[in-house]
Amino acid sequence: MSLEDDDGGLGAGSSAMLNAVVKWFRVYQVSFDHAVADVLCTVAIALHSNGFGERQIADFLIQNFNGPLATKATAPSSSAYH
């Protein structure tokens, strides 16, 4: 998943989403994991598209994904998360 704009740089919205995801990793003191980051970025993108700002996105991720296990899908074909 890429948060880059068409010109290859990070835009303000992308930067806000990325910062929110990084904050989640810092709060839970978790080493970077691509699978976890993919889930968090997908949620961050959806929230941003609904008008959420960086702080709101970070707060949502922290409150709703209590550590790496909370990012695992409930079933291999499921798009729902714990």
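See the structure printed just above.
These numbers were taken from a predicted model, which means no experiment stands behind them.

Trainee: Hey, could you run me through the packing of helix α2 (residues 34-49) against helix α3 (residues 54-64) in this one?
Mentor: A packed helix pair is summarised by two numbers, namely the angle formed by the two axes and the spacing between the axes. The N-to-C vectors of α2 and α3 enclose an angle of 135 degrees; their axes lie 10 Å apart at closest approach. Taken together, α2 and α3 sit at an angle that is classed as oblique. α3 is crossed by α2, and the crossing has right-handed handedness. The residues of α3 that touch α2, namely those facing Leu 40, Val 43, Ala 44, Leu 47 and His 48, are Ile 57, Phe 60 and Leu 61.

Trainee: How should I be thinking about the environment of Ile 62 in this particular structure?
Mentor: Inspection of the secondary structure assignment puts Ile 62 in helix α3. The spacing of Ile 62 and Val 27 is 35 residues in sequence and 7.6 Å in space, taken between C-alpha atoms. Filtering out sequence-adjacent residues up to four positions away, Ile 62 remains in contact with Lys 23, Trp 24, Val 27 and Tyr 28.

Scoring rules and cut-offs
Residues numbered from 1 in each chain as written. Predicted model: local features only at pLDDT ≥ 70, side-chain atom pairs only at ≥ 80, totals over all residues. Heavy atoms only, no water. Axes fitted to C-alpha atoms, helices over the stretch in contact; angles between N-to-C directions. Helix = DSSP H or I, 4+ residues; strand = E, 2+ residues; numbered from the N terminus. Parallel < 35°, antiparallel > 145°, perpendicular 65-115°, else oblique. Left-handed = near helix turned anticlockwise from the far one by under 90°. Contact = heavy atoms within 4.5 Å.

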